Amino acid sequence: GNKNINAKLVLLGDVGAGKSSLVLRFVKGQFVEFQESTIGAAFFSQTVAVNDATVKFEIWDTAGQERYHSLAPMYYRGAAAAIIVYDITNQASFERAKKWVQELQAQGNPNMVMALAGNKSDLLDGRKVAPEASIYPSPLLFESYEAQTYAQENGLFFMETSAKTATNVNDIFYEIAKRLPRL
Ligand code: GDP
Ligand code: MG
């Protein structure tokens, strides 16, 4: 029969990577160019139907600032899933994402479903068509290759997303819903 699953999900990642924008897109189908910075954390919920289950995500959108770091365990502890977000145009945000993965591997729920989201993929597309990209290899393309490899080696699944265009936003939550353990 069809199961109802409640799943706590946390979004982690650098300030400005687009965590709040991904949640806003997923929960309300909206995007704003000037998304306000998250203070502390914000809570949302949204339901996704997969073949054999209805998953109600209880979503914690965290702030990402270093000064709120000590609060993070409150949000990832007991979480069934995490989306670690970086901005594909910002190498430092990718390095920060790896730190979050390490922290979750050390302190998080060992069965946690982890997704790595390379967000702002609309900007990558913009650069792919730029003439320089055909002359010089794009560092952004290397980065996404690197992210895919990193995700595979660390047991995450990887998707490039765009909160702006909605590309892969529902999909990443849907993929998580499919991977959650069935009780
Ligand atoms: P957070 O700090 O991780 O929550 O990031 P925000 O959701 O506040 O987004 C930071 C900025 O990036 C905002 O100005 C957003 O409008 C912008 N942004 C977020 N996602 C995208 C995206 O997919 N594409 C583009 N082009 N901009 C985005
Ligand atoms: Mg935010």
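For the structure, check the block above.
What comes next is a walk through the structure. Everything numeric here is computed off the predicted structure, so don't read it as measured data. (Residues numbered from 1 in each chain as written. Chains lettered and ligands numbered in written order. Predicted model: local features only at pLDDT ≥ 70, side-chain atom pairs only at ≥ 80, totals over all residues. Heavy atoms only, no water.)

**Considering the site of ligand 1**
Here's step 1: The local shell around ligand 1 holds 19 residues, among which Gly-16, Lys-19, Ser-21, Glu-33 and Asp-122 are the closest.
Here's step 2: Within the side chain of Ser-21, an N or O atom sits 2.6 Å from an oxygen atom of ligand 1.
Here's step 3: The contact in question runs from a nitrogen atom of ligand 1 to an N or O atom on the side chain of Asn-119, over 3.1 Å.
Here's step 4: Those elements giving two or more residues to the shell around ligand 1 turn out to be α1 (19–28) and α4 (121–128).
Here's step 5: The residue inventory of the shell around ligand 1, partitioned by class, reads six nonpolar, seven polar and six charged. (Near = heavy atom within 4 Å. Polar contact = N/O pair within 3.5 Å; in protein donor to acceptor, adjacent residues only side chain to side chain. Helix = DSSP H or I, 4+ residues; strand = E, 2+ residues; numbered from the N terminus. Nonpolar A, V, L, I, M, F, W, Y, C, P; charged D, E, K, R; others polar.)

**A word on the nonpolar core**
Here's step 1: Membership of the largest hydrophobic core comes to 30 residues, with the highest contact counts inside it found for Leu-9, Phe-57, Ile-83, Phe-173, Ile-176 and Leu-180.
Here's step 2: Listing elements by their share of this core, those giving two or more residues are β1 (3–13), α1, β2 (41–50), β3 (53–62), β4 (81–87), β5 (113–119), β6 (157–161) and α7 (169–179).
Here's step 3: The element best represented in this core is α7, accounting for five residues.
Here's step 4: Once you skip the residues sitting within four places of it in the chain, Ile-176 turns out to touch Leu-9, Phe-57, Ala-81, Ile-83, Val-113, Ala-115 and Phe-157.
Here's step 5: Grouped together as the second largest cluster of nonpolar side chains are 23 residues, Ala-72, Ile-84, Met-112 and Ala-147 included. (Core = buried A, V, L, I, M, F, W, Y, C linked by side-chain atoms within 4.5 Å. Buried < 20%, exposed > 50% of the residue type's maximum accessible area, 1.4 Å probe, protein only. Contact = heavy atoms within 4.5 Å.)

**Points about the side chain of Thr-62**
Here's step 1: Mapping Thr-62 onto the fold places it in strand β3.
Here's step 2: At 2.7 Å, the side chain of Thr-62 forms a polar contact with the backbone oxygen of Leu-11.
Here's step 3: Residue contacts for Thr-62: discarding those within four places in its chain leaves Val-10, Leu-11, Leu-12, Lys-19, Thr-38, Gly-40, Ala-41 and Tyr-75.

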